[in-house]
Amino acid sequence: MFSITTITQPSLDTKHPLLLLQSSHGEKYVFGKVSEGAQRSLTENKIRIAKLENIFLTGELNWSSLGGLPGMILTIADQGKTKLVLNYGSELINYIVSTWRYFVFRFGIQLSTNISKQYKDKLLTVNTIDIKPSTSINNTTENPFG
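Starting from 1, residues in each chain are numbered consecutively following that chain's sequence as written. Predicted model: local features are reported for residues with pLDDT of at least 70 only, side-chain atom pairs are reported and counted for 80 or more only, and whole-chain, interface and lining totals are derived from all residues. The side-chain figures draw on all heavy atoms in the structure; neither hydrogens nor water molecules are used.

1. A short note on the nonpolar core
Soluble globular proteins tend to bury their nonpolar side chains together.
For step 1, the next point in the chain: In terms of nonpolar packing, the biggest core is built from 29 residues, with V34, I55, L57, L69 and M72 touching the most fellow members.
For step 2, the next point in the chain: Secondary structure follows DSSP: runs of H or I at least 4 residues long count as helices, runs of E at least 2 residues long count as strands, and numbering of each begins at the N terminus. When residues of this core are traced back to their parent elements, those giving at least two are β2 (18-23), α1 (38-44), β4 (52-57), α3 (69-78), β5 (83-88) and α4 (92-99).
For step 3, the next point in the chain: Counting residues per element, this core draws most heavily on α3, at 6 residues.
For step 4, the next point in the chain: Those residues in contact with V34, other than ones at most four positions away along the chain, are L18, I55, L57, S65, L66, G67, G68, L69 and M72.
For step 5, the next point in the chain: Among the nonpolar cores identified, the runner-up in size contains 7 residues, and F56, Y119, L123 and L124 belong to it. Put simply, buried Ala, Val, Leu, Ile, Met, Phe, Trp, Tyr and Cys residues joined by side-chain atoms within 4.5 Å make one nonpolar core. Each residue is assigned to one of three classes by its accessible area relative to the maximum for its type, calculated with a 1.4 Å probe on protein chains only: buried under 20%, partly exposed between the two thresholds, exposed over 50%. The contact criterion used is simple: two residues touch if any of their non-hydrogen atoms lie within 4.5 Å.

2. Section: α3
For step 1, the next point in the chain: In terms of residue burial, α3 counts as a mostly covered element, since 7 of its 10 residues are buried.
For step 2, the next point in the chain: For α3, the complete set of buried residues consists of L69, P70, M72, I73, L74, I76 and A77.
For step 3, the next point in the chain: Elements that come into contact with the buried residues of α3 comprise β2, α1, β4, α2 (63-66), β5 and β6 (110-115).
For step 4, the next point in the chain: Positive phi shows up at G80, right after α3, with a value of about 95 degrees.

Here is the structure:
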């Protein structure tokens, strides 16, 4: 029913993993971090994103994990896509997208964000899982070697 393709993996060129989930009907979903070099990897591997409508961002959002996203959005818009949704489990994505408004703006594409703990369409359901460090951190300053 689905196939998974690795778009990027941690290497000298790209810092974070990015996966493409494609249904047997052709719908495409991207999961991971869109670091610098992700768009180039799409092009080099001849991965077409014509049916891409959802990007699911994972982990902590910082420039290392999002550096390639503005360029990817511009490329998607230039290819004639009319709708793209960035999915993330925190409102931080709204702030990040709003800072791009002057250089990522394109007429013809409806760029939106989805901040929810669950995404569901006719093919799949994606749930957000928050993973946080344990709050019981041992703060002793004793020398463990005696």
